[in-house]
Amino acid sequence: ELGPLNRKERRRMNRKLRSRGRNRVSNDEKGTSMSRNKALSQNLLVDPGTIFRMVDALQDASPGGRCVVELGPGLGALTGPLLEEYPEMSAVELDPQACGQLRESMPGLNLVEGSLLDVDFAKLSEERGGALSVISNLPFGITSSALYHLLDASPHISRAVLLVQQEAADRILSDPSRRKYGTMAIEFGIRCRSARQIAAVPSIAFDPPPKNTKSAILEIDFVGEEDLPLSGFEMRVLRNCMQAGFDDKALPLAAALPKRRELRELVPNLREYCEGGANWLQKKPAELAPGKWV
């Protein structure tokens, strides 16, 4: 696992960025005329080393990068290098002011104005001709919602390179031996071939720097639809089971699951099943590794 860039590494990354025709982000550029929209949880990525690592990790092989999708490009600090590497990429941005600046500065960008939470990844994958490569500096305020949206769409995504808070990264990468192990870790464990942290990112990589917040770059490879062990309906039931279990994580699952109304509606014979005494139902949720939930 890589740590934050030191001064020597930062100079080397800046030289690489310049050699590929990319400019260092200066203080003047950071002081952009576009005001940050706090309602959109905007902390703009400005560190060239972090940008380089994210672009380098994506490794998309589709023609012209047709399957590359950036979520929430903001002012385009990450989009510029991406577009140079993947000229047929797409981006989804909610802020109308940011969209206007992106259209002016990057007229060749296939830009969709809207929320990343409303993206129909199945449709987009069909339009672009293959499983998608998603890259994003996820807005802090909607990180959990965005991650679950990506999980739901995982059959249509091959790889995701995500910049998230360290706390979210720890929840995704946790295991039953750790305190932060929960529904997020279990579902990523089921839906992913691999998930790893490739770099820690300090707050100074953002403008404005978030207070008391560390971040991390995650590289996630999802399994294809044909390799998922459960159907869409079964995954919905499983998510409800996990949520019910961790809502009362001090209880064995046999006692916790029947308390959830939506789960009782999805599984009419739930009480009888829980009373049947299956071994895994006698365990607490944090005692089960992802594979034991399937």
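Keep in mind that what you see is a predicted model, and the values were worked out from it rather than measured.

*Asks:* Describe the sheet that holds strand 4 (residues 110–113), with residues and values.
*Replies:* With mixed pairing, 7 strands are arranged side by side in an open sheet as 4-3-2-5-6-9-7. Both edges of this open sheet fall to strand 4 and strand 7 (192–201), since each of them pairs with a single strand only. Within the sheet, the average angular offset between the axes of one strand and its neighbour, ignoring direction, is 15°. Here strand 2 (residues 68–71) pairs with strand 3 (residues 90–93) via 3 bridges, running parallel. Bridge pairing in strand 3 links Glu70 to Ala91. Relative to the sheet, helix 7 (residues 143–152) contacts strand 2, strand 5 (132–137), strand 6 (157–165) and strand 9 (215–222), its axis offset from that of strand 6 by approximately 170°.

*Asks:* Talk me through the packing of aromatic side chains; I want residue IDs and the actual numbers.
*Replies:* A complete count under the given rule lists 4 aromatic pairs for this structure. Measuring from ring centre to ring centre gives 6.3 Å for Tyr181 and Phe246, while their planes differ by 70°; the resulting arrangement is edge-to-face. You can see Tyr181 sitting in the loop between helix 8 (166–173) and helix 9 (183–191) and its partner Phe246 sitting in helix 10 (residues 232–247), a full 65 residues away along the chain. A relative accessible area of 15% places Phe246 in the buried class.

*Asks:* Any details on the layout of surface pockets? Residues and values, ideally.
*Replies:* Taken as a whole, the second largest pocket holds about 370 Å³ of empty space. Along the wall of the second largest pocket there are 16 residues; nearest its centre are Val237, Cys241, Tyr273, Trp280 and Trp293. For the lining of the second largest pocket, the secondary structure elements donating two or more residues are helix 10 and helix 13 (270–274). With 5 residues, the top contributor of residues to the lining of the second largest pocket is helix 10. Of the residues that constitute the lining of the second largest pocket, the class distribution is 14 nonpolar, no polar and 2 charged.

*Asks:* Please provide a residue-by-residue account of unusual backbone geometry, values included.
*Replies:* Cis geometry marks the peptide bond from Asp207 to Pro208; its omega dihedral reads -5°. With respect to the helices and strands, Pro208 occurs in the loop between strand 8 (206–207) and strand 9. The backbone of Gln59 sits at a positive phi, close to 55°, despite the residue not being glycine. Structurally, Gln59 is set in the loop between helix 3 (48–58) and strand 2. Positioned with a positive phi, Asn212 is a non-glycine residue whose angle comes to about 55°. Tracing the chain through its elements places Asn212 in the loop between strand 8 and strand 9. The class for Asn212 is exposed, based on a relative accessible area of 85%.

*Asks:* Requested: an account of helix 6 (residues 121–128), with residues and values cited.
*Replies:* Among all positions of helix 6, only Phe121, Leu124, Ser125 and Arg128 are buried. Each buried residue of helix 6 sits inside an arc of 100° when the element is viewed along its axis, so together they form one side. For helix 6, the secondary structure elements touched by its buried residues are strand 2, strand 3, strand 4, strand 5, helix 7 and strand 6. Where helix 6 begins, one side-chain oxygen reaches toward the backbone nitrogen of Ala122, 3.3 Å away; that side chain belongs to Asp120. Just downstream of helix 6, Gly129 is the residue with a positive phi angle, here 90°.

Conventions we followed
- Residues numbered from 1 in each chain as written.
- Predicted model: local features only at pLDDT ≥ 70, side-chain atom pairs only at ≥ 80, totals over all residues.
- Heavy atoms only, no water.
- Pairing = 2+ DSSP bridges.
- Helix = DSSP H or I, 4+ residues; strand = E, 2+ residues; numbered from the N terminus.
- Axes fitted to C-alpha atoms, helices over the stretch in contact; angles between N-to-C directions.
- Contact = heavy atoms within 4.5 Å.
- Phe/Tyr/Trp six-rings, centres within 6.5 Å; stacked < 30°, edge-to-face > 60°.
- Buried < 20%, exposed > 50% of the residue type's maximum accessible area, 1.4 Å probe, protein only.
- 1 Å grid on protein atoms, 1.4 Å probe; cavity = no way out; pocket = protein on both sides within 12 Å on 5 of 7 lines; lining within 4 Å.
- Points joined across faces, edges and corners; volume = space filled by probe spheres on them.
- Nonpolar A, V, L, I, M, F, W, Y, C, P; charged D, E, K, R; others polar.
- Arc of directions from axis to C-beta.
- Polar contact = N/O pair within 3.5 Å; in protein donor to acceptor, adjacent residues only side chain to side chain.

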